[in-house]
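Listed below, chain by chain, are the residues.
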Amino acid sequence: MLVASLALVGFAAAFVPLMVRYLGRFTGYPLAVVFLISAALLLVESPEVMRGETIVQSWQWVAAFDVQFTLRLNGLSLLFAMLVLGVGALVLSYAPQYLDPSYEVGRLYTVFTLFGAAMLGVVLSGDLILLLVFWEITSLSSFLLVAGSGKGGTWPAIRALVITGLGGLALFGAVVVLAVRTQTTNIAEVFMLAPERLTATELTIVAILIMLAAFTKSAQVPFHFWLPGAMVAVTPVSAYLHAATLVKAGIYLLLLMSPLFLAFPAWNITLLAFGLATAVFGAFEALRQRDLKALLAYSTVSQLGTMVALIGVGTSAALAAAALLVAAHALFKATLFMLVGIVDREAGSRDLNQLSGLWRAMPITAALTGLAAMSMAGVPPLVGFVAKEEAFYSFLNLPQSAWAQGQAWAGAAAAAIAVIGAALTFAYSARIFFGAFFGPLTQRNLYEPSWLFLAPAFVPAIAGLVLGIWPGLLNGIIDRTTVDVGFTMVGSDLSLWHGLSIALGLSAIAITLGLILHFRRRWVLRFLGEEPPVPSGPIIFDRIWFALVRLGANVGRPAHSTSVGVHLFGVGVFIVALTAIGLAIIPGALGGLNPVIPDAMQPVDFAVLALLIPTVVFLTRARTTITALVLAGFVGLIIAVWLLLLGAPDVALTLLLVEFLTVVVAAPVLARLPRHRDIGRPTLAAISAVVVGVISGLAVWAFTGRRGPSDLSAYFLTQAEDLTGGTNVVNTILVDFRGLDTLGEITVLFAAALGLLAATAVTLRARQDAMAEVLGRGEQTILRVGSRVVIPLLVIAAAVLFWRGHDEPGGGFIAGLVAGAAVAVATISGMKVKLPSSGVLLAVGLGTALASAFIGPLTGASALAPVKIDVPIVGSLTSSLIFDLGVLLIVVGLVRVALERLDGMDIDDQDELEDESRDVNRSGVAS
Amino acid sequence: MTLAIAVALLTGVGTFLIVRGGAVRLILGFILLGHAANLIIIAAGGTFRREAPLVDGGAVLDTMADPLPQAFVLTAIVITFGVTVYLLSLVARTAKQASKVDSRDEASGEAHDD
């Protein structure tokens, strides 16, 4: 049932866009039902959990790292899961009434539901890696929801993401240390093995990282500031993520990890110190706020601080109190956020200085706010009171803990600080209620909202009252949670009335102090002032942020040059330095080489060189662009001949065709370019040419031709025919042995063609005109006649080369180039070519190659593995022929794109044409 | 040795053309460097066996050329073509913009003369 519960919410997120199309903002209702069903699926298991079982479901996930997809349900995760799903359902049924009809709800509901699934995943994870993944998804969805709130949401969202992302990295670090040391990522096993496998230092590192993760996520000082900033998000998001659930993930993590650190005083002291500081600081800040949402945000910071401090106390009673406070807080804080949203919608403001006397117009809203605020203030008979009593009791009994034995003053000090926090909490709770709802009613036309709007707030407000009167209802789950965090069953006895105890006395003091603060609020507010005494978090964050951005800009400045020379210079210096160092530090570097194999040089090579050297030298002296281009083509031709002599007919054929196509494609572009000016420095060019040339030549001489055939070459030559059925080994390497490489390479071609399609927009007509300009009309006519013979021949050649490619020189690349040559001839001669558009050729090509990759898996082999297919009449074929067809289509597509789009005329001309026509229109209107 | 000389020549002249500057030289230099790289890969397989690796009738290990560098070079050539085409489009675009800036300068200069 665990996986069903999680999968249900996850799949619901996928269907949100569809639901929104029909239901709009009312999509919240079916989603609320989904959350409730998911909760019910977990509750089915709860009797077993309450009996002390832990339900575990596990699947193999990342086999290479032995990571399992493990879900588990114990008391701790059941408590949190119920909050995640219960509060989620309430807020989802609140959102449709709150949201403006014009609000873009698709994104909100999708990310909201996705967050719900991720949060459920965090609390159900039985594996550290899984926990980490879900943890990060919660941070990302929070970012999306805050950033998506429109105006002013971007910066708070970035701050929140960076701060919580920092925590995510810390958690990652902790997970790595634990996993490396215990050789497992299963949480239960980690807990068993960690105490003996980790040294004290390693355990300290883990503790620090875990605390960093929890403090950032749960908004502890000094990382708290992202939470008030996140209040720019819409109220349902604030109520769910930034009050009830997301910020509790840190608390969950601390509770989960507690068993590791039961005998670790540094853990306890740090949590206690940061927690209490946050509790008091947050309460002070809350009291200062005028905006109700900001007030509630700081109040959340304060309450989270109390929870962290309780976990720090580290006794079973304290952890039970923390768990109880988590539940109580979720109930009253979600209620308060929803009610503040209602007030905002109805009265048009959240500013305490503008709101007044609302209870006269909205008595039920006022009553519910009163209930929730009383629970927050810790007034009996609400659940918040019970939680606060338990907290006081735990702080007082701090000296009984394993780590602070007998230090009586510590208990008294912690309790005293907690009382100050509680008094401030009482004061700001009273301020919400009396500030907004009492005094004279200043606005007209205010009404109670519909019951549909109020119901989602009504449920948790009443639940807070019921659980306050009968807190024993929670005994079972709190007990079970205490066991899960490392203690033996103590038997919780929660009740509203414990008799006259010190905790009750502290409650009385806190409430009295709170009343004094409330009645002297003018004086208190003047004392607090508008701004906190220290620079605010966002300002410090932004200073660090922009300093980092400036640092990055300075580091990257050299790479911003548009000059090719600047970029090449670094590479060149690196190569030269590497060579120099190599020659210097390796003794006898060149003397120790193997002897050159005798037959490596043959007389014919010198003939080739005799042709190559003058051609290349002439190339540098060429006066016109066309001459240079022809000479470059001639260089290619010489090398192609050489390749043929070296026993590489496939490569030679490919190079020949590419040379031809390059000239066809480049001629019109280069011909239109202005004559190149001498902008570079000839001396520098000559020096770098000599250095680079000598080093490359030396490297080739030193490192090649000094060993016999490689094992790999022998393998391919002897196995190709048996394994693939092809006798052209080069082709079998391309389509069979290294098919994945080739797939990557044709994807590069695909991308280059797409880049051309995107950067240029030219018709074939314009292209042919450009070509005619280069050639002259007369030559074109001759070509057109000749092409009627040449084109069919080329097409037939392409078909033959493609068909025989597996066995003899040919194959997809070569056939594609020959077919491309046919297209080129047609284009040059001005014939109309009836072919699918180049986009279609490219897409079908890549699709065919990809599809052929799956033929293997269908028959049980691996992807791209050649499969023999028996075709009637033709005989047996292999699936790699289909792959090769994809290659062919992509090459033809690329050639076609290049022919169509490259004539030196680009998109700017189109813009100009449009500009001109617009000008004409405008002047027409003016006259 | 012959391949080493060819590679030295092609990389040297390719570098010269690129560092010298100018759109056309950039493209030509790039093409020459591409040839050099391909020859290096072929050289890595050894040039002492020069028979095409077509194994119809059985592989002859002593005389047949290493097929793996050939496969690498074959795809590299086609990719070089793709990149050259893309470079050409960029060059065409840059040159056009540059000439536009020039003509604008001239136009504004004339306006001042008036």
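The structure presented is a predicted model; accordingly, all values stated were derived computationally and were not measured.

S.K.: Report on the overall build of chain A, specifying residues and quantitative values.
M.R.: When helices and strands are counted, chain A shows 38 helices and four strands. By the compact-globule yardstick of 30 Å for 927 residues, chain A is too spread out, its C-alpha radius of gyration being 38 Å. For chain A, the spread of C-alpha atoms along the principal axes amounts to about 110 × 85 × 70 Å. The buried share of chain A, taken over its 927 residues, is 53%. For chain A, the share of sequence-separated contacts (at least 6 apart) that also reach a separation of at least 24 residues comes to 78%. For chain A, the exposed area adds up to about 40000 Å²; of that, 69% sits on carbon and sulfur atoms. Computing the positive centroid from 51 side-chain charges and the negative centroid from 54, chain A places the two 10 Å apart.

S.K.: Kindly report on the overall build of chain B, identifying the contributing residues and their values.
M.R.: Secondary structure summary: chain B contains three helices and zero strands in total. Going through the 114 residues of chain B one by one, you find that 58% of them count as buried. Considering only intrachain contacts with a sequence separation of at least 6, the fraction spanning at least 24 residues in chain B is 45%. Split by element, the accessible area of chain B, about 4300 Å² in all, is 61% carbon and sulfur.

S.K.: Break down unusual backbone geometry for me, citing the residues and quoting the values.
M.R.: Residue and element names in this part refer to chain A. With an omega of 0°, the peptide bond running from valine 221 to proline 222 counts as cis. With an omega of 5°, the peptide bond running from proline 380 to proline 381 counts as cis. The residue proline 381 is located in the loop between α16 (363–377) and α17 (383–396) in this model. Residues other than glycine seldom take positive phi values, yet glutamine 183 does so here, at roughly 60°. On the accessibility criterion, glutamine 183 (62% relative accessible area) is exposed.

S.K.: Could you give me a rundown of the interface of chain B and chain A, with the residues and numbers involved?
M.R.: Contacts between the two partners involve 76 residues from chain B, matched on the other side by 106 residues from chain A. Roughly 7900 Å² is buried in total at the junction of chain B and chain A, and carbon and sulfur atoms are behind 78% of that figure. Counting across the interface, chain B meets chain A through one salt bridge. Counting every contact that joins chain B to chain A gives nine residue pairs in polar contact (both at pLDDT 80 or more). Considering every element that reaches the side of chain B that touches chain A, the biggest residue donor is helix α3 (residues 67–113) of chain B, with 26 residues. In the side of chain B that touches chain A, the residues fall into 51 nonpolar, 14 polar and 11 charged.

S.K.: Go over the environment of A:Ile163, please, and point to the residues and values.
M.R.: Residue and element names in this part refer to chain A. Relative to the elements of secondary structure, isoleucine 163 occurs in helix α7 (residues 154–182). The class of isoleucine 163 is buried, set by a relative accessible area of 7%. Through-space distance from the C-alpha of isoleucine 163 to that of serine 139 is 9.6 Å; in sequence the pair is 24 residues apart. The contacts of isoleucine 163, once residues within four sequence positions are left out, are Thr216, Phe223, Phe225, Trp226 and Phe541.

S.K.: Tell me about helix α28 (residues 682–703) of chain A, and name the residues and values.
M.R.: Residue and element names in this part refer to chain A. With 22 residues, α28 extends 31 Å between its outermost C-alpha atoms, agreeing within 8% with the 32 Å of an ideal straight helix rising 1.5 Å per residue. Taken together, the buried positions of α28 are occupied by Ala685, Ser688, Ala689, Gly693, Ile695, Ser696, Gly697, Val700 and Ala702. In the stretch just after α28, glycine 705 is the one whose phi turns positive, near 70°.

S.K.: Tell me about the environment of A:Ala427, residues and numbers included.
M.R.: All names here are of chain A. Tracing the sequence through the fold places alanine 427 in helix α18 (residues 408–437). Given the relative accessible area of 2%, alanine 427 is considered buried. Contacts of alanine 427, omitting those with residues within four sequence positions, involve Leu287, Gly514, Leu517 and His518.

S.K.: Give me the pattern of salt bridges: which residues, what numbers.
M.R.: All names here are of chain A. With the rule as written, the count across this model stands at 10 salt bridges over all chains. With a closest N to O distance of 2.7 Å, arginine 288 and glutamate 285 form a salt bridge. One end of the pair, arginine 288, and the other, glutamate 285, are both in helix α13 (residues 265–288), three residues apart, so they sit about a helical turn from each other. With a closest N to O distance of 2.8 Å, aspartate 351 and arginine 290 form a salt bridge.

S.K.: Explain the layout of surface pockets to me, using residue names and the numbers behind them.
M.R.: All names here are of chain A. Roughly 1000 Å³ of internal volume is contained in the second largest pocket. Around the second largest pocket, the lining comprises 37 residues; the ones closest to its centre are Arg288, Gln289, Arg290, Asp291 and Arg431. Broken down by secondary-structure element, the contributors of at least two residues to the lining of the second largest pocket are α10 (226–229), α13, α18, α22 (521–528) and α23 (537–556). Of the residues contributing to the lining of the second largest pocket, the split by class is 17 nonpolar, 10 polar and 10 charged.

S.K.: Provide a residue-level description of the packing of aromatic side chains, including the pertinent values.
M.R.: The geometry of an aromatic ring pair comes down to the distance between the two centres and the angle between the two planes. All names here are of chain A. Summed over all chains, the structure comprises 24 aromatic pairs over all chains. Linked through ring pairs, Trp155, Phe225, Phe541, Trp545 and Phe546 together constitute an aromatic cluster. In this structure, arginine 345 packs its charged tip against the face of tyrosine 98, placed 4.4 Å from the ring centre.

What counts, and at which threshold
Residues numbered from 1 in each chain as written. Chains lettered and ligands numbered in written order. Predicted model: local features only at pLDDT ≥ 70, side-chain atom pairs only at ≥ 80, totals over all residues. Heavy atoms only, no water. Helix = DSSP H or I, 4+ residues; strand = E, 2+ residues; numbered from the N terminus. Rg over C-alpha atoms; globule rule 2.2 N^0.38 Å. Buried < 20%, exposed > 50% of the residue type's maximum accessible area, 1.4 Å probe, protein only. Contact = heavy atoms within 4.5 Å. Areas by Shrake-Rupley, 256 points an atom, 1.4 Å probe, with all protein chains shown as cover. Lys, Arg positive; Asp, Glu negative; His and termini not counted. Charge placed at Lys NZ, Arg CZ, Asp CG, Glu CD. Buried area = accessible area lost by both parts, 1.4 Å probe. Salt bridge = Lys/Arg side-chain N within 4 Å of Asp/Glu carboxyl O. Polar contact = N/O pair within 3.5 Å; in protein donor to acceptor, adjacent residues only side chain to side chain. Nonpolar A, V, L, I, M, F, W, Y, C, P; charged D, E, K, R; others polar. Expected span 1.5 Å × (residues − 1). 1 Å grid on protein atoms, 1.4 Å probe; cavity = no way out; pocket = protein on both sides within 12 Å on 5 of 7 lines; lining within 4 Å. Points joined across faces, edges and corners; volume = space filled by probe spheres on them. Phe/Tyr/Trp six-rings, centres within 6.5 Å; stacked < 30°, edge-to-face > 60°. Lys NZ or Arg CZ within 6 Å of the ring centre and 35° of its normal.

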